[in-house]
Amino acid sequence: VGSGSAVSLSRQVQGTGGSSAVSKCSAAARGYIQDRFLRLLAGRRRRRAPLIHRGYYIRARAVDHCVQDFLLKTQSLPRTQILSLGAGFDSLYFRLKDMGLLHHTVVYEVDFPNVASQKAALIKRMKELSALVGDTEGEGLGAITFSGDDYKLLGVDLSELSELERTLEEAGLNNEIPTLFIAEVVLTYMENTRSDALIEWAAEHFPQACFLVYEQVHPEDPFGHVMQQHFRQLNTALHSVARYPDCEAQQRRFLGKGWTECSVMDMNEFFTCCIPEDEQQRVQTLEPFDEYEEWHLKCSHYFVLAASKGMEPSWTPLLPSVTVPRHAGPVGMAGSVPAAVCARLSGIPGLRRYGHRSVLIKPNVILTTGGFGEEDGQHCRMRNFHVLSKHAGYWEDVCVTQNIPDKRWGERLYHTVSRLSDTLALVVGGRTSPSRAGLGMLWLKFPKTCHASGPADVAVELVSLQPAAEAAALRWRHSTTEVTFKGEQYLFVYGGRSALEPVLGDWCFLHTPELSYTAIAVEGPVPESRHSHSACSWEGGVLIAGGLGAAEQPLGSVFLLRALEHGFQWQTIETHPPLVPRYSHTAHVHEGKLLLVGGVWFHASSVPGVTVINLMTGLCLNYMINVEHLEWPLMLHNHSSVFLSNEKELLVIGGGGNCFSFGTHLNPEPVLLSLSSILISH
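Residues numbered from 1 in each chain as written. Predicted model: local features only at pLDDT ≥ 70, side-chain atom pairs only at ≥ 80, totals over all residues. Heavy atoms only, no water.

(A) Representation of the overall build of the chain within the structure. In terms of helices and strands, the chain carries 17 helices and 38 strands. Since a compact globule built from 682 residues should have a radius of gyration of about 26 Å, the 28 Å found for the chain is in line with a globular shape. Taken along the three principal axes of its C-alpha coordinates, the chain extends 85 × 50 × 50 Å. Here the chain, with 682 residues, has 59% of them falling under the buried criterion. Sequence separation of at least 24 residues holds for 67% of the intrachain contacts in the chain that already meet a minimum separation of 6. (Helix = DSSP H or I, 4+ residues; strand = E, 2+ residues; numbered from the N terminus. Rg over C-alpha atoms; globule rule 2.2 N^0.38 Å. Buried < 20%, exposed > 50% of the residue type's maximum accessible area, 1.4 Å probe, protein only. Contact = heavy atoms within 4.5 Å.)

(B) Geometry of the nonpolar core. Ranked by internal contacts, the top residues of the largest apolar core, which has 80 residues, are Ile-82 and Phe-94. A per-element tally of this core places helix α3 (residues 50–73) first, with 12 residues. Two domains each put at least three residues into this core: domain 1 (60–309) and domain 2 (333–674). (Core = buried A, V, L, I, M, F, W, Y, C linked by side-chain atoms within 4.5 Å. Domains from an automatic or database assignment.)

(C) The arrangement of the sheet that holds strand β29 (residues 568–572) in detail. Strand order across the open sheet formed by 5 strands is β25-β29-β28-β27-β26, with mixed pairing between neighbours. The two strands at the open ends of the sheet, each matched to only one other strand, are β25 (522–523) and β26 (534–538). Looking at chain direction, β26 and strand β27 (residues 541–545) are connected through 5 bridges and run antiparallel. Counterpart to Cys-536 in the pairing with β27 is Leu-543. (Pairing = 2+ DSSP bridges.)

(D) Structural detail: the environment of Ala-306. Following the sequence through the fold, Ala-306 ends up in strand β8 (residues 302–309). Among the residues examined, Ala-306 registers a relative accessible area of 3% and is labelled buried. Each C-alpha atom of the pair Ala-306 and Val-264 lies 6.4 Å from the other, and the pair is 42 residues apart in sequence.

(E) Quick look at the domain arrangement of the chain. Annotation of the chain at the domain level lists domain 1 (60–309) and domain 2 (333–674). For domain 1 versus domain 2, the separation of C-alpha centres amounts to 43 Å. Counting from both sides, the interface comprises 26 residues of domain 1 and, opposite them, 34 residues of domain 2. Buried surface at the junction of domain 1 and domain 2, summed over both partners, amounts to about 2,600 Å²; 61% is from carbon and sulfur atoms. Residue assignment for the side of domain 1 that touches domain 2 shows that the elements contributing at least two residues are α9 (222–233), α12 (267–274) and α14 (292–300). Of all the elements, α14 adds the most residues to the side of domain 1 that touches domain 2, at 8 residues. Residue composition of the side of domain 1 that touches domain 2, grouped by class: 11 nonpolar, 8 polar and 7 charged. (Buried area = accessible area lost by both parts, 1.4 Å probe. Nonpolar A, V, L, I, M, F, W, Y, C, P; charged D, E, K, R; others polar.)

(F) View of α14. Along α14, 9 of the 9 residues are buried, which leaves the element largely enclosed by surrounding structure. Tyr-292, Glu-293, Glu-294, Trp-295, His-296, Leu-297, Lys-298, Cys-299 and Ser-300 are the residues of α14 that are buried.

(G) The arrangement of the pattern of salt bridges in detail. On inspection of all chains with the given rule, the structure shows 30 salt bridges. The residue Lys-97 makes a salt bridge to Asp-150 at a minimum N-O spacing of 2.7 Å. Taken as a pair, Lys-97 in helix α4 (residues 92–98) and Asp-150 in the loop between β3 (144–147) and β4 (151–155) lie far apart in primary sequence, 53 residues in all. Residue classification places Lys-97 among the partly exposed residues on the basis of a relative accessible area of 28%. Linked through salt bridges whose partners overlap, the residues forming this network are Asp-290, Glu-293, Arg-431, Arg-477 and Arg-497. (Salt bridge = Lys/Arg side-chain N within 4 Å of Asp/Glu carboxyl O.)

(H) Expanded view of the packing of α3 against α12. Two elements in contact, α3 and α12, have axes separated by 11 Å at closest approach and are oriented at 65 degrees. Our classification of the angle between α3 and α12 gives roughly perpendicular. Of the two possible hands of crossing, α3 and α12 adopt the one that is left-handed. Listed contacts from α12 to Tyr-57, Ile-58, Arg-61, Ala-62 and His-65 of α3 are Met-267, Phe-270, Phe-271 and Cys-274. Per-class residue counts for the contact of α3 with α12 are 7 nonpolar, 1 polar and 1 charged. (Axes fitted to C-alpha atoms, helices over the stretch in contact; angles between N-to-C directions. Parallel < 35°, antiparallel > 145°, perpendicular 65-115°, else oblique. Left-handed = near helix turned anticlockwise from the far one by under 90°.)

(I) Here's a closer look at the packing of aromatic side chains. In the structure shown here, the tally under the stated rule is 32 aromatic pairs. Measuring from ring centre to ring centre gives 5.4 Å for Phe-211 and Phe-254, while their planes differ by 70 degrees; the resulting arrangement is edge-to-face. One end of the pair, Phe-211, is in strand β6 (residues 209–216); the other, Phe-254, is in helix α11 (residues 247–255), and 43 residues separate them in sequence. Phe-254 sits in the buried class, given a relative accessible area of 0%. Note on Phe-289 and Tyr-292: the rings are 5.6 Å apart at their centroids and 85 degrees apart in plane angle, and the pair reads as edge-to-face. Note on accessibility: Phe-289 and Tyr-292 belong to one class, buried. What links up through ring pairs into an aromatic cluster is the set Phe-485, Tyr-490, Phe-492, Tyr-494, Trp-507, Phe-509, Phe-559, Phe-568 and Trp-570. The cationic tip of Lys-298 hangs over the ring face of Tyr-302; the distance from NZ or CZ to the ring centre is 4.1 Å. The residue whose ring lies beneath Arg-477 is Tyr-414, and the NZ or CZ to ring-centre distance is 4.1 Å. (Phe/Tyr/Trp six-rings, centres within 6.5 Å; stacked < 30°, edge-to-face > 60°. Lys NZ or Arg CZ within 6 Å of the ring centre and 35° of its normal.)

(J) Inspection of the pairing of strand β34 (residues 640–644) at higher detail. The buried count for β34 comes to 5 of 5 residues, which makes it a mostly enclosed element. With burial as the criterion, each face of β34 is covered, one bearing Ser-640, Val-642 and Leu-644 and the other bearing Ser-641 and Phe-643. Here β34 runs beside strand β35 (residues 649–653); their pairing, made up of 5 bridges, is antiparallel. When the sheet's bridge partners are listed, Phe-643 is paired in β35 with Leu-650. The hairpin turn running from β34 into β35, its antiparallel successor, is 4 residues long, and Lys-648 in that turn takes a positive phi close to 50 degrees.

(K) Fine view of the confidence of the model for the chain. Averaged over all residues, the pLDDT of the chain is 89; the fraction at 70 or higher stands at 91%. This stretch, residues 1–7, has a pLDDT under 50; its non-local contacts, to residues over four places away or in other chains, come to 1 contact. A low-confidence stretch, residues 317–328 stays under pLDDT 50, and its non-local contacts, those more than four residues away or across chains, total 20 contacts. (pLDDT = per-residue confidence, 0-100.)

(L) Structural context of the sheet that holds β8. In spatial order, the strands read β3-β4-β2-β1-β5-β6-β8-β7; together these 8 strands make up an open sheet with mixed pairing. In the strand order of this sheet, the two ends are held by β3 and β7 (261–266), each with one partner. Put simply, the sheet's adjacent strands are angled 15 degrees from each other on average, direction ignored. Across 6 bridges, the pairing between strand β1 (residues 80–85) and strand β2 (residues 105–111) is parallel. Counted as the bridge partner of Ser-84 is Glu-109 from β2. Against the sheet, helix α7 (residues 161–171) makes contact with β1, β2, β3 and β4, and its axis sits at roughly 155 degrees relative to β4, the strand it touches most. Seen against the sheet, α14 touches β6, β7 and β8 and runs at an angle of roughly 30 degrees to β8.

Written out as structure tokens, the structure is:
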């Protein structure tokens, strides 16, 4: 790299450090992390979104977990040291000093020379910071921009290993005492040969050491593509992920470069296994939150690694004695399902949305409502309805508007739409903001001639309900399914969440068409509360699969609410192999088979495709989706899907979400999945 481009690259990398300091500061202000020094070091203040707060919380917890472990294991030793690589405006030294944890530990921080100089000037200027460091040993000399008894701040480019080694030696780093190296989203910005050399150098020169890494993983799945694209646009491409794409590869990297022990886990596993339940609950209730998919995807694309040599292995003893089984094992695939874009449906912005619903209102006519997406070039909650209609073998689109004031529709997400006739559908629940109460029920009335040959109005009417039924509607991420009892039709509203309850396990029966609240006996073991599950009508009852449970953990259970003469009964459907826990999927039943489409699971080695469960035998087979003919990442969560039984095809509409700080991804066009081969073979 020429020196000019190296300087510009270092500026871009420094920009990520500044942005990260602002995000950590915002998370601290909201109570996620306790750190009074961040506001002094971050400079500008800006409030971030709850998803960003959670992301920086888990990052801070992972680093603290390993640092505390190192300090605990070395507390009886006379001297230890911590070397933070690419430390930026991090507050680690000040927090540890303030807590009285540095009696025999010196902290060395290294970053680009101009970052180190800025931080040194900031410390000197701020009494609260300079008082903690105490007497400094003269002004900064050369690359040593700040030097106190137990704190040294060095301005060196990490990729220049010989210069780094010389400066550390000059600053007093001692190879013979236990040393903790910290690289928090740092190594990945370096060329692999240089970061590998740094890892190997640390193992060779320090007989007693731990090395902590926190950075990205899984570059090749849809979320990984969006993540990589984001860093490329910032001109800070991620180098490590290409050569070391998963946790196992990172573990092999360290073991192959002189480290004798190495523990690694992604952040879903870290959150589940290393954070006590009461602390998990505290974080989950700090502010209104409804971006579970993006949170779990973010966590599956970052890992924490602790390598060690000449010391007790890092952190393993801190794991609770009963841990959740590791999520890392690959999911067996029985084959693949081809995906193709729909001819004539490309470039229609109104179909780029998530958290919406699509329903077949009559043969070859699909109505899509609600969600968050793209309208007039802006990202917003969607007001317009869309009708897709099939003519001469092709799906065609027309945007239709509802002839009502916007307030009544409420621009809702995560609602349900149940078709009751060719001209009538019922909308139940949904939300605008997760901090507000759920929205009530609406009738959608469409003309008999409603199809895509020309715009048509959909009339929207508020439903007047009994109080009990009204309460049942104020939820989102629930299911509404048609059931039959004693020859009469009912809608079964189940699960979901509300502004007050993060997860619901109750249900109600609404008699159609007048929607009267009806008490019907239900026996059998009640399924655990869930939202973002799937529900399908089957043999007069309902099949419930997956969902997100009370602890924000995906569920792998399948239940049948079976119709009996005197009421209904919950029955468990055993699947073999067991269904991989998931949520935010869609589902359909075809000839005794339950089809689960997409969703989010914790198995980071692959993304959910189509799972087929034989309801007679319980056999459960997973199929990956072959996306070779798609030119963009297909995100199969928060999507909608319509099963076209004659063609044995699935039409997937929308899907995607807000990918952490990497931008919003909306699947750009509807996709057809051909299921004929797997439905015959299953």
